[in-house]
Amino acid sequence: MLLLGYITMFVFQFMKHTFSTYLVVFSLLLILLNGCKQYYVLNNTASTNVVLNEEVKSEDKSIEEEIKPFRDALKASMDEVLNESVVEMTTGIPEGNLGNFVADLVMDIGEDYYEKINDEDEIDFALLNNGGLRTSLPKGAITRGKVFELMPFENELVVITLSKDKLIELFEFVALKSDTNLSVKKGVPLSKEVKLIINNKKVKEAYIDKESIVSREYRVVTSDYLANGGDKMNFFLNPIKTEKLGVKLRDAILEYIIEEKEDGDKLEAKKDKRISYGK
Amino acid sequence: MENSRRSFLQSLFLVGGVGVVSQAKAESLVVKGEAVKLVVLHTNDVHSHVDPFEDNDPKYPGLGGASRRAGLINKIRKENEHVLLLDAGDIFQGTPYFNMYGGELELTLMSKMGYDATTMGNHDFDNGLDGFMAVNHHAKFPYICSNYDFSNTILKDKTIPYKIFYKGNIKIGVFGLGVELDGLVDKKLYGETIYNDPVPVANKYAKLLKTEQNCDLVICLSHLGYEYQDDRISDLKLAEKTSNIDLIIGGHTHTFLDQAKEMKNKEGKKVLINQVGWAGIRLGKVEFYFDKTSKKVYEYSKNGQDFVKIK
């Protein structure tokens, strides 16, 4: 458009300056003007996102004052001692006392919640993942903050109904992940109802409540993250049934720890060879 | 006589032609009163990150924090007359502040910071519609939701489908899009909320705002996500499939962009998409310069030259 304008003006210089030529040029200009946009163009995107690091020195004191009572109350709540543990709890392969502890309490609390939504069926066992247990539990005081550290995610408990074939797939997966050469994070904690004997990454024997696996439906309580195929637990995909318990994994842990305290019990956990290597 | 005629013609060219200016030049036009500058500040997926990350955080040591964000916003407001402060959802969930107080503190702080609007992210349903309503009165800004139909829920009439803001003589239309809830959020949390296809909804509201309401700028608050490998609708796809949107402020995929991404819309016109990761680690900033009289926004061109006045 600008170029056309220049050409018009160039031509204009060499024309006789009669009134009629003025008119022609003006008309031409008006046509050109109507056809073009009346704005400027910026020479780059006027957008720069600012990183909020220590170089941003402009804190807002009134916001800080607003936060403080919430932060203080939150800190007090997080520092609250909920119970005591008689042992240090850590994850392990093929089993660790922390995995056993959480899997057993998930089974325990899961059964309470399951009764409320399904009074016909029963859960067979609980399954979790070491990767989701984000810290160890110390011997001694267990604070609410420690439980948030252990389980920072918002995963909820679900009960998955599996066929016998899928259950066998599940046990084969556990056997594969119970290889001592793997990172401890890969381990799969199971609740005490299960007894699994592994040889050379394969399932040698498997029992639930001391009974062999038969052709029936099995119910597993786990986190929705794993139920959705998290950690490549594909045996959970397309199950016979999925039932949500409406309780978060972290809240189940908190509930159990507080209940134990109310019953006068300290927290205990041990390895009991529920998953073991054998011939 | 001849010289004055020529300068008259040249001034016509100047007004009518597409001139290319640098941001510094645009700023000088604002000072002269020939242009209006609008600064759009935005966040997304702050996820209850009221405090900065711990100094020993492996990924984001010492970054973020509401107080620092508020300070920066105050500073930008002091330097600029026309500022719009927006959020693209997922205010809730991610720190014990949410678990303990249900979102009260997050909404109180955003109100104090003077947020102009937000839209619903999937995690804003995390305490259910009841939980949302329990703290909603702490939000002194609207939830703009254009594709969620809440009419059969307790959120009926608690959100708005669009809002028009006036900054200087500039009219800005904002609407909001939420992500599909089925499979992402537990049904018992969102209840009878109906999710409508974002593309026709976006076209409907963008057209209404741009052509019927004559807005000079149309902004879409989107919690759809920036980009996916599969065929889910994303901000990149939304930009291509719609008209009349100037800026998409995105969220959900926690995508860190250093600056807004330029895309072409259905009609080949420019659309900007911006998203600033999550947890309040960054503050998004997009600046628009409008010609004061035509109210046209100065377009962006990456390889343009500085404007040279014709002598």
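Residues numbered from 1 in each chain as written. Chains lettered and ligands numbered in written order. Predicted model: local features only at pLDDT ≥ 70, side-chain atom pairs only at ≥ 80, totals over all residues. Heavy atoms only, no water.

Another point: the overall build of chain A. The secondary structure content of chain A amounts to 8 helices and 12 strands. Expressed as a percentage of the 279 residues in chain A, the buried residues total 49%. If you take every contact in chain A between residues at least 6 apart in sequence, the share linking residues at least 24 apart comes to 79%. About 14700 Å² of surface is accessible on chain A, with carbon and sulfur atoms providing 51% of the total. (Helix = DSSP H or I, 4+ residues; strand = E, 2+ residues; numbered from the N terminus. Buried < 20%, exposed > 50% of the residue type's maximum accessible area, 1.4 Å probe, protein only. Contact = heavy atoms within 4.5 Å. Areas by Shrake-Rupley, 256 points an atom, 1.4 Å probe, with all protein chains shown as cover.)

Helices and strands together make up the secondary structure of chain B, namely 9 helices and 13 strands. Against the globule reference of 19 Å for 311 residues, chain B gives a C-alpha radius of gyration of 21 Å, in line with a compact fold. Principal axes of the C-alpha set define a box for chain B whose edges measure 80 × 45 × 35 Å. The burial tally for chain B puts 60% of its 311 residues in the buried class. For chain B, restricting intrachain contacts to residue pairs at least 6 apart in sequence, the fraction spanning at least 24 positions comes to 74%. Within the structure as shown, chain B displays about 13000 Å² of accessible surface, and the carbon and sulfur contribution to it stands at 49%. Across chain B, the 39 positively charged side chains and the 40 negatively charged ones have centroids separated by 9 Å. (Rg over C-alpha atoms; globule rule 2.2 N^0.38 Å. Lys, Arg positive; Asp, Glu negative; His and termini not counted. Charge placed at Lys NZ, Arg CZ, Asp CG, Glu CD.)

Residue and element names in this part refer to chain B. Relative to the helices and strands, Lys140 resides in the loop between α6 (128-136) and β4 (148-149). Distance in space between the C-alpha atoms of Lys140 and Lys112 is 8.5 Å, their sequence separation being 28 residues. Within the structure, Lys140 has its side chain in polar contact with the backbone oxygen of His137 (distance 2.9 Å). (Polar contact = N/O pair within 3.5 Å; in protein donor to acceptor, adjacent residues only side chain to side chain.)

Residues and elements named next belong to chain A. Strands sit in the order β9-β8-β7-β12 across an open sheet of 4 strands; the sheet is mixed. Each of the sheet's edge strands pairs with one partner strand only, and the pair in question is β9 (211-212) and β12 (275-277). Where strand β7 (residues 194-199) and β12 come together, 3 bridges link them in parallel fashion. By the bridge assignment for β12, Leu196 is matched with Ile275. Of the strands in this sheet, β7, β8 (202-208) and β12 are in contact with helix α6 (residues 164-177), which crosses β8 at around 125 degrees. (Pairing = 2+ DSSP bridges. Axes fitted to C-alpha atoms, helices over the stretch in contact; angles between N-to-C directions.)

Right, let's get into helix α3 (residues 61-78) of chain A. Helix length check: α3 of chain A, at 18 residues, gives a terminal C-alpha distance of 25 Å against a target of 26 Å (1.5 Å per residue), a fit within 8%. The largest bend along α3 of chain A reaches roughly 35 degrees and is located at Ile67 of chain A, with the proline Pro69 of chain A sitting one to four residues downstream. Buried within α3 of chain A we find Ile63, Ile67, Phe70, Leu74, Ser77 and Met78 of chain A. Looking at the buried side of α3 of chain A, the elements it contacts are β5 (140-143) and α5 (144-150) of chain A together with α3 (66-79), α4 (96-101) and α5 (104-113) of chain B. (Expected span 1.5 Å × (residues − 1). Bend = angle between axes of the 7 residues up to and from the residue.)

Let us look at a positive patch on the surface. On the surface, Arg134, Lys185, Lys186 and Lys232 of chain A cluster together into a patch of positive charge. Examined against the element boundaries, Lys232 of chain A turns out to sit in the loop between α7 (224-227) and β11 (241-248). (Patch = residues over 30% accessible without salt bridge, like charges linked within 9 Å, V, L, I, M, F, W, Y side chains within 5 Å. Salt bridge = Lys/Arg side-chain N within 4 Å of Asp/Glu carboxyl O.)

Averaged over chain A, the pLDDT score is 88; the fraction of residues at 70 or greater is 84%. Low pLDDT, under 50, characterises residues 33-38 of chain A; the predicted model gives this stretch 13 contacts beyond four residues in sequence or across chains. (pLDDT = per-residue confidence, 0-100.)

With that settled, the discussion passes to the packing of α3 of chain A against α5 of chain B. Between α3 of chain A and α5 of chain B, whose axes approach to 10 Å, the crossing angle comes to 170 degrees. Viewed along their axes, α3 of chain A and α5 of chain B adopt a mutual orientation that is roughly antiparallel. Counted together, Ser62, Ile63, Glu66, Ile67 and Phe70 of chain A of α3 of chain A and Glu104, Leu105, Thr108, Leu109, Lys112 and Met113 of chain B of α5 of chain B form the full contact between these two elements. (Parallel < 35°, antiparallel > 145°, perpendicular 65-115°, else oblique.)

Attention shifts here to the nonpolar core. Residue and element names in this part refer to chain A. Core analysis: the largest hydrophobic core is formed by 81 residues, its most contacted members being Phe101 and Val102. Among the elements that take part in this core, helix α4 (residues 97-117) stands out by supplying 10 residues, more than any other. Discounting chain neighbours no more than four positions away, the residues touching Phe101 are Met89, Leu137, Tyr256, Ile257, Leu267, Glu268 and Ala269. Counting residues in each nonpolar core, the second largest holds 27 residues, with Leu127, Val158, Ile160 and Leu196 among its members. (Core = buried A, V, L, I, M, F, W, Y, C linked by side-chain atoms within 4.5 Å.)

What follows concerns helix α8 (residues 249-262) of chain A. When the terminal C-alpha atoms of α8 of chain A are compared, their 20 Å separation across 14 residues agrees well with the 20 Å that a helix rising 1.5 Å per residue should span. Gly264 of chain A sits one or two residues past α8 of chain A and shows a positive phi near 80 degrees.

A word on the sheet that holds strand β2 (residues 35-43) of chain B. Each strand in a sheet pairs with its neighbour through backbone hydrogen bonds, running either in the same direction (parallel) or in the opposite one (antiparallel). With respect to topology, 4 strands assemble into an open sheet ordered β2(A)-β12(B)-β2(B)-β3(B), the strand pairing being mixed. Among the strands making up the open sheet, the edge pair consists of β2 (50-51) of chain A together with β3 (83-87) of chain B.

This paragraph deals with the packing of α3 of chain A against α3 of chain B. A pair of packed helices can be characterised by two numbers: the angle between their axes and the separation between those axes. Where α3 of chain A meets α3 of chain B, the closest approach of the two axes is 8 Å, and the angle between their N-to-C directions is 160 degrees. One finds that α3 of chain A runs roughly antiparallel with respect to α3 of chain B. Read as a crossing pair, α3 of chain A and α3 of chain B show a hand that is right-handed. Together, Ile63, Glu64 and Ile67 of chain A of α3 of chain A and Ala66, Ser67 and Ala70 of chain B of α3 of chain B make up the contact between the two elements. For the contact of α3 of chain A with α3 of chain B, a count of residues per class yields 4 nonpolar, 1 polar and 1 charged. (Left-handed = near helix turned anticlockwise from the far one by under 90°. Nonpolar A, V, L, I, M, F, W, Y, C, P; charged D, E, K, R; others polar.)

A word on the pairing of strand β8 (residues 217-222) of chain B. For a regular strand, the rule is simple: side chains alternate between the two faces of the sheet. Residue and element names in this part refer to chain B. Judged by how many residues are buried, β8 sits mostly within the fold: 6 of 6 residues are covered. Judged by which residues are buried, β8 turns out to be covered on both faces: Leu217, Ile219 and Leu221 on one side and Val218, Cys220 and Ser222 on the other are all buried. When strand β6 (residues 170-177) meets β8, the two strands line up parallel, connected through 6 bridges. By the bridge assignment for β8, Gly173 is matched with Val218. Both β8 and strand β9 (residues 247-249) contribute to a ladder of 3 bridges, which runs parallel. Of the residues in β9, the one forming a bridge with Cys220 is Ile248. Read from β8 through helix α9 (residues 235-241) to β9, the crossover connection turns out right-handed. (Right-handed = clockwise from strand over helix to strand, strands pointing away.)

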